[in-house]
Amino acid sequence: MSQAASSTLRVSAFYLFVPLDDFQAMRDPLLAVAEAAGVRGSILLAAEGVNGTIAGSDDGVETVLAHLRRDPRMADLSEKNARAERMPFGRLKVRLKREIVSLGVESVDPRRRVGAYVAPQDWNALISDPDVVVVDTRNDYEIAFGSFEGALSPETRTFRSFPEWVRGQREAGRAKKVAMFCTGGIRCEKATSFLLDEGFEDVYHLDGGILNYLEKVPREESLWHGDCFVFDERVAVDHDLRATWGEGAPEEAREVLPDDLYARTEPGEPSSEDGVKA
């Protein structure tokens, strides 16, 4: 590891849809491990899985991830990492939730079926297809920071409003192919599952979300424009996944952001009813 990397904190975002019938009993041991490791951030546990973003030393973050992966059900847990020169979270939270990201449609189950995953390296070709409708599943203030050119915005304030928007679009005709993306992939797991339940047939989503795309696709080949909003004190990250700490935040985003968003430490939807990071 380079000296520059060792002098910064590791920010790790992760999620996994997996049956966790004992999720309530998992909270205290996980909290104890994370506290002892000196990490901060937010982790959500629910019967449908785990979702979180944490920051700390490399050893501290790895300790928490190793604890989760020791559970055979979460052996396949993967994470997306970035660096930050200062702590982007005020404290540590491990919370019990009904959903790890809140769509509010009980019948939707990403463990049962989701849309086709598209690798970042194949994403440009897909969204350049004129027969594909590209949908940004994030909220309006997130999209104000940046998006893929030509992507439709559902103009929502919370993810729970997404189903209503989809059903409204159906009245205008159903697209043959729909490609969706979000910050880290979790919202698209539920969004594609919902579209399939609604009768859409060819549904795709960006594997690992925008963060994975920015990591894997060189800037000179990228179709991404702007920064990527994140739900912590970094506010957004640029194409090199460097924290902006709110510098250069678009005026239109400031107008729609909740008044206390910059003080929030939970990397999730801004309403308490919603789940962690996208």
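Refer to the structure presented above.
Structure report, in brief. (Residues numbered from 1 in each chain as written. Predicted model: local features only at pLDDT ≥ 70, side-chain atom pairs only at ≥ 80, totals over all residues. Heavy atoms only, no water.)

This brings us to the sheet that holds strand β10 (residues 202-206). As summarised here, the arrangement of the 4 strands in space is β6-β10-β9-β7, forming an open sheet in which the pairing is parallel. With partners counted over all chains shown, the strands left at the sheet margins are β6 (116-118) and β7 (132-136), one partner each. With strand direction ignored, the average angle separating the axes of adjacent strands in the sheet is 30°. Two elements, β7 and strand β9 (residues 177-181), share 5 bridges in a ladder whose sense is parallel. What sits directly across from V133, in β9, is V178. (Pairing = 2+ DSSP bridges. Helix = DSSP H or I, 4+ residues; strand = E, 2+ residues; numbered from the N terminus. Axes fitted to C-alpha atoms, helices over the stretch in contact; angles between N-to-C directions.)

The residue D58 is located in helix α3 (residues 58-69) in this model. Sequence separation of D58 and S12 is 46 residues, and the distance between their C-alpha atoms is 9.6 Å.

This paragraph deals with the packing of helix α4 (residues 120-127) against helix α8 (residues 209-216). Direction vectors running N to C along α4 and α8 enclose 105°, while the axes themselves pass 9 Å from each other. Relative to α8, the element α4 is oriented roughly perpendicular. Together, P120, Q121, W123 and N124 of α4 and N212, Y213 and K216 of α8 make up the contact between the two elements. Its residues placed into classes, the contact of α4 with α8 shows 3 nonpolar, 3 polar and 1 charged. (Parallel < 35°, antiparallel > 145°, perpendicular 65-115°, else oblique. Contact = heavy atoms within 4.5 Å. Nonpolar A, V, L, I, M, F, W, Y, C, P; charged D, E, K, R; others polar.)

This brings us to the nonpolar core. Counting residues in hydrophobic clusters, the biggest one holds 24 residues, and the most contacted among them are L103, F162, V166, M180, F194 and L195. Looking at this core, the elements with two or more residues in it are β1 (9-17), α6 (162-170), β9 and α7 (186-197). Looking at this core element by element, the count peaks at 6 residues for α7. Discounting residues that sit within four places of it in the chain, V166 has contacts with F194, L195 and F200. Among the nonpolar cores identified, the runner-up in size contains 22 residues, and F14, M26, V61 and L68 belong to it. (Core = buried A, V, L, I, M, F, W, Y, C linked by side-chain atoms within 4.5 Å. Buried < 20%, exposed > 50% of the residue type's maximum accessible area, 1.4 Å probe, protein only.)

Moving on, we come to the packing of helix α2 (residues 23-37) against α3. The contact between α2 and α3 brings their axes to 8 Å, and the two run at 160°. Overall, the two elements α2 and α3 adopt an arrangement that is roughly antiparallel. α2 and α3 meet at a crossing whose hand is right-handed. Residues P29, L30, V33, A34 and A37 of α2 form the contact with α3, whose own contacting residues are G60, T63, V64, H67 and L68. (Left-handed = near helix turned anticlockwise from the far one by under 90°.)

Next up on the list: the pairing of β9. Counting buried residues in β9 gives 4 out of 5 residues, a clear majority hidden from the surface. In terms of strand pairing, β9 meets β10 through 4 bridges, oriented parallel. Bridge pairing links K177 to D202 in β10. In terms of handedness, the path from β9 via α7 over to β10 forms a crossover that is right-handed. (Right-handed = clockwise from strand over helix to strand, strands pointing away.)

For the rest of this paragraph, the subject is the side chain of S193. Tracing the backbone shows S193 in helix α7. With near-sequence residues (within four places) excluded, S193 lies in contact with V108, D109, P110, R113 and V114.

A few words now on the state of the cysteines. Two cysteines joined by a covalent bond between their sulfur atoms form a disulfide. Per the stated rule, a full pass over the model turns up 0 disulfides. You can see C182 has no disulfide; the closest cysteine sulfur is in C188, sitting 3.4 Å from it. You can call C182 buried: its relative accessible area is 1%. (Disulfide = S-S within 2.5 Å.)

Below, the discussion takes up the sheet that holds β1. Sheet architecture is open: 5 strands sit in the order β4-β1-β3-β2-β5, paired in mixed fashion. In the strand order of this sheet, the two ends are held by β4 (79-84) and β5 (92-96), each with one partner. Each adjacent strand pair in this sheet contributes to an overall mean axis angle of 10°, direction not counted. Relative to β5, strand β2 (residues 40-46) runs parallel, the two sharing 5 bridges. Within the sheet, the bridge partner assigned to I43 lies in β5 and is V94. The strands touched by α7 are β1 and β3 (49-56); relative to β1, the strand with the most contacts, the crossing angle is about 20°.

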